[in-house]
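Breakdown of the fold
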Amino acid sequence: MKDYIRYSILCLFTLLLLPATANIIVVQSGGKISSIRSAIAQANAGDTIRVKAGTYREGNILITKPLVLIGEGKPVVDGEHKVEVFTVEAEHVTIEGFQITNSGVSSMKDLAGIGSLQGNFLVVRNNEFIATFFGVHISNAKHVIVEGNTFRASLRADHETGNGIHLWQCANATIRNNTINGHRDGIYFEFVTNSLISGNTSEKNNRYGLHFMFSHDDEYRDNIFRNNGAGVAVMYTKNVTMVNNIFDRNWGPTAYGLLLKDIRDSHIIGNRFDRNTIAIYMEGSSRSEFKKNTFVGNGWAVKLQASCDDNTFSENNFTSNTFDLSTNGTMVLNKIDRNYWDKYQGYDLNKDGVGDVPFRPVNMYAMVVERIPTAVLLWRSFLVFLLDRAEKVFPAVTPENLKDDYPSMKPYDLS
Amino acid sequence: MKRIATFIALAALIGLSSACNVEPEAIRYGTDNCHSCKMTLMDKRFGAEVVTAKGKIYKFDDVNCLMSFVNSPEVTSRDMKYTLVTDFSQPEKLIDATIAFYVKSPEIKSPMASQVAAFETEEAYKQHKKELNGIYLTWGELTAQFK
């Protein structure tokens with residue numbers, strides 16, 4: 001018994017002393033310790049390794065104990081197109097201030113700049129990832145932070161770029177203030193819950209700026225998604241909050257600003273959709289709220305497929321879009337109220353700021369193009385103008401009940 | 001007279017060639033979208049295609065997207081002239097889906113999380129089955145499982 005108590009006290013002391021006794025190991029080419037690998041081999045759990053500027057070519061660097069790695073003066077760690085640069089197999093690891101470059105490329109393995117199979121409390125901060133296949137690839141981890149990094153994939157064929165930040169089966173992750181450029185998906189979440197993505201810029205990625213699959217209860221805010229194959233795709237997911245993001249110039253024959261496929265109970269608030277082919281395309285989605293968003297200069301502002309129900313659109317601004325709203329059926333199961341539409345031609349006799357006649361955002365031509373895409377050629381022709389006027393008087397193809405009963409006379413101030 | 005004969009021959013040729021046009025086409029990765037999930041096809045180890053008797057082509061990024069289409073009222077099995085999947089071990093190669101060998105394993109990270117890879121030959125499937133620690137499935141089992 002006495003031994004047991006003594007042992008416990010000893011343990012307690014070692015635990016208390018651990019941070020205080022953590023050593024600092026300095027790595028410098030030409031110094032006493034010249035490789036990161038040997039520094040890791042010598043280090044005890046909890047130690048800090050400071051790596052001085054220089055280029056380190058050491059193959060795959062495996063981290064198997066809790067360590068803090070800090071680069072001073074952006075040391076370059078080069079994978080020489082062969083290996084995963086850092087592989088983390090421990091908890092409480094921090095990697096900060098490096099330039100990580102030239103990871104291997106493999107169609108069978110997901111090689112990354114920093115890969116981790118199960119490392120809770122991993123921190124990846126202020127690194128530069130250049131020409132890595134995947135940038136950061138994290139599986140099965142909780143409480144990870146990826147912040148302040150830049151990712152720049154080299155211009156290779158599509159299949160030779162992995163995702164910038166890739167999380168699989170993680171929870172409580174924070175992805176903050178990163179810049180991602182030229183990957184397959186900028187940020188990819190598969191089975192990731194209770195996480196936050198904020199302040200990132202994701203552009204020129206081959207597929208999506210941000211991609212959610214089966215990832216519930218997450219939030220993304222204040223990000224910029226520009227010039228991607230498509231801005232953001234949220235799929236097979238529930239309870240996602242999307243606030244104050246910018247979806248800019250996601251343009252091309254299959255490009256969306258925001259693709260919503262089979263999602264529910266989500267909030268899309270205060271976002272700006274600027275010059276996208278289709279700002280929001282939604283299918284099989286329900287019970288979501290679209291509020292205070294700005295749609296400017298898009299081909300289609302919203303493509304609301306008939307498979308969607310119970311969504312509400314209110315207090316949004318729709319200006320200079322070719323089509324404000326289009327749908328592929330006549331069922332009206334969504335609520336559209338109190339939005340501002342620049343195409344509204346009604347009047348406000350009682351001066352309450354609300355138009356006195358309803359606005360029908362779906363025009364006949366949008367319905368025709370939905371069925372026969374090539375008919376878009378006739379857009380702005382006189383014939384179409386006549387048909388549109390006729391349709392306004394006797395609705396035949398447009399869903400009659402799809403209307404905004406209280407259109408705002410003035411745009412909302414959403415800046 | 002000769003002219004008319006040439007004309008008829010030409011017309012017949014055009015008619016014939018359009019009748020022969022019901023053929024699969026290669027998937028354009030990075031451009032084509034999956035008919036079911038709307039995602040852009042990216043991963044050349046996965047991908048599937050259906051060609052109908054009328055020559056309409058549908059593309060898919062994963063076996064489960066193909067399955068949801070096969071099981072949907074959009075198409076009947078009689079309409080389907082070709083049903084193709086990509087051989088996992090020979091990226092981009094389309095093979096007959098109904099006689100392919102399938103392996104299901106959590107190790108397989110397919111675009112829509114079906115965890116299924118297809119193989120053309122028995123050797124390839126055996127090798128990968130061991131490597132990926134998966135189970136073997138036939139087309140019939142697959143269609144039943146994803147119903």
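Just so it is clear, the model here is predicted, and its values are computed rather than measured.

Quick notes on the overall build of chain A
Scanning chain A for helices and strands turns up four helices and 39 strands. When its C-alpha atoms are laid out on the principal axes, chain A stretches across 90 × 55 × 35 Å. Relative to its 415 residues, chain A shows a buried fraction of 51%. Within chain A, residue pairs in contact and separated by at least 24 positions form 46% of the contacts whose partners lie at least 6 positions apart. Of the roughly 18500 Å² of accessible surface on chain A, 54% is carried by carbon and sulfur atoms. Averaged over its 42 positive side-chain charges, chain A has a centre that lies 4 Å from the centre of its 44 negative ones.

Notes on unusual backbone geometry
Residues and elements named next belong to chain A. The phi angle at Lys 74 is positive, at roughly 50°, despite the residue not being glycine. With relative accessibility at 34%, the residue Lys 74 sits in the partly exposed group. Here the phi dihedral of Asn 244 falls at roughly 55°; this positive angle occurs in a residue that is not glycine. Within the secondary structure layout, Asn 244 lies in the loop between β26 (240-243) and β27 (246-248). Asn 244 sits in the partly exposed class, given a relative accessible area of 38%.

Digging into the pattern of salt bridges
Side-chain pairing between opposite charges can occur once the charged atoms of the two side chains come close. Residues and elements named next belong to chain A. According to the stated counting rule, one finds 29 salt bridges over all chains in the structure shown. Among the salt bridges present, the one from Arg 249 reaches Asp 248, with a minimum N-O distance of 3.2 Å. Classification of Arg 249 by relative accessible area gives partly exposed; the value is 34%. On the basis of relative accessibility, which here comes to 6%, the residue Asp 248 falls in the buried class.

Section: empty space enclosed by the protein
Remark: the empty space left among the atoms is shown by a probe the size of a water molecule rolled over them. Applying the stated criterion across every chain, the model contains two cavities of 30 Å³ or more. The volume enclosed by the largest cavity comes to roughly 70 Å³. Forming the walls of the largest cavity are A:Leu304, A:Gln305, A:Ala306, A:Cys308, A:Thr327, A:Met331, A:Val332, A:Leu333, A:Asn334 and A:Leu402. Its residues assigned to classes, the lining of the largest cavity comprises seven nonpolar, three polar and no charged. Roughly 50 Å³ of volume is contained in the second largest cavity. Lining the second largest cavity we find B:Arg45, B:Phe46, B:Gly47, B:Ala48, B:Asp62, B:Val63, B:Val85, B:Thr86, B:Ala117 and B:Ala118. Going through the elements one at a time, β3 (80-86) and β6 (116-119) of chain B are the ones with two or more residues in the lining of the second largest cavity. Residues belonging to the lining of the second largest cavity are distributed by class as follows: six nonpolar, two polar and two charged.

Focus on the environment of A:Ile224
Residues and elements named next belong to chain A. For Ile 224, the position within the fold is in strand β24 (residues 224-226). Taking the relative accessible area as the measure of exposure, Ile 224 reaches 24% and is therefore partly exposed. Among residues more than four places away in sequence, those in contact with Ile 224 are Asn 200, Thr 201, Ser 202 and Ile 246.

As for the nonpolar core
Counting residues in each nonpolar core, the largest one holds 76 residues, and the members touching the most others are A:Tyr220 and A:Leu258. If you look at the next biggest cluster of nonpolar residues, it comprises 47 residues, including A:Ala366, B:Cys34, B:Leu66 and B:Met80.

Describing the side chain of A:Lys303
Residue and element names in this part refer to chain A. Position of Lys 303 relative to the elements: it lies in strand β34 (residues 300-304). Residue Lys 303 is classed as buried on the basis of its relative accessible area of 12%. Residues within four places of Lys 303 in sequence aside, it is in contact with Ile 278, Ile 280, Tyr 281, Met 282, Ser 326 and Glu 370.

Some points on the layout of surface pockets
As a volume, the largest pocket reaches approximately 1200 Å³. Together, 46 residues line the largest pocket, and A:Met108, A:Lys109, A:Asp110, B:Glu107 and B:Lys109 are the ones closest to its centre. Split into classes, the residues belonging to the lining of the largest pocket amount to 18 nonpolar, 14 polar and 14 charged.

Here we look at the sheet that holds strand β28 (residues 256-264) of chain A
Residue and element names in this part refer to chain A. The 12 strands lie next to each other as β4-β7-β10-β13-β16-β19-β22-β25-β28-β31-β34-β37, forming an open sheet whose pairing is parallel. Pairing within the sheet leaves two strands with one partner each, and these edge strands are β4 (61-63) and β37 (323-326). Adjacent strand axes in the sheet meet at a mean angle of 10° when their direction is disregarded. By the bridge criterion, six bridges tie strand β16 (residues 165-171) to strand β19 (residues 187-193) in an arrangement that is parallel.

Examining helix α4 (residues 382-393) of chain A
Residues and elements named next belong to chain A. Along its 12 residues, α4 runs 17 Å from first to last C-alpha, staying within 8% of the 16 Å computed at 1.5 Å per residue. Among the residues making up α4, those that are buried are Val 384, Asp 388 and Glu 391. Seen from one end, α4 has its buried residues packed into an arc of 60°, which puts them on one side. Along α4, exposed side chains directed more than 90 degrees from the buried face belong to Phe 382, Leu 383 and Val 393.

Points about the sheet that holds strand β7 (residues 135-137) of chain B
Residue and element names in this part refer to chain B. Strand order in the open sheet formed by three strands is β6-β5-β7, and the pairing between neighbours is antiparallel. The two strands at the open ends of the sheet, each matched to only one other strand, are β6 and β7. Each strand of the sheet is rotated relative to its neighbour by a mean of 30°, with strand direction disregarded. Bridge count between strand β5 (residues 101-104) and β7: three bridges; the pairing is antiparallel. Bridging across to β7, Val 103 finds its partner in Tyr 136. Contacting β5, β6 and β7, helix α3 (residues 122-132) crosses the sheet at an angle of about 10° to β5.

Side note on a nonpolar patch on the surface
Residue and element names in this part refer to chain A. The grouping of Phe 382, Phe 385 and Leu 386 at the surface amounts to a nonpolar patch, some 330 Å² of accessible area in total. Considering the arrangement of structural elements, one finds Phe 382 in helix α4. With a relative accessible area of 58%, Phe 382 lands in the exposed category.

What counts as what
Residues numbered from 1 in each chain as written. Chains lettered and ligands numbered in written order. Predicted model: local features only at pLDDT ≥ 70, side-chain atom pairs only at ≥ 80, totals over all residues. Heavy atoms only, no water. Helix = DSSP H or I, 4+ residues; strand = E, 2+ residues; numbered from the N terminus. Buried < 20%, exposed > 50% of the residue type's maximum accessible area, 1.4 Å probe, protein only. Contact = heavy atoms within 4.5 Å. Areas by Shrake-Rupley, 256 points an atom, 1.4 Å probe, with all protein chains shown as cover. Lys, Arg positive; Asp, Glu negative; His and termini not counted. Charge placed at Lys NZ, Arg CZ, Asp CG, Glu CD. Salt bridge = Lys/Arg side-chain N within 4 Å of Asp/Glu carboxyl O. 1 Å grid on protein atoms, 1.4 Å probe; cavity = no way out; pocket = protein on both sides within 12 Å on 5 of 7 lines; lining within 4 Å. Points joined across faces, edges and corners; volume = space filled by probe spheres on them. Nonpolar A, V, L, I, M, F, W, Y, C, P; charged D, E, K, R; others polar. Core = buried A, V, L, I, M, F, W, Y, C linked by side-chain atoms within 4.5 Å. Pairing = 2+ DSSP bridges. Axes fitted to C-alpha atoms, helices over the stretch in contact; angles between N-to-C directions. Expected span 1.5 Å × (residues − 1). Arc of directions from axis to C-beta. Patch = residues over 30% accessible without salt bridge, like charges linked within 9 Å, V, L, I, M, F, W, Y side chains within 5 Å.

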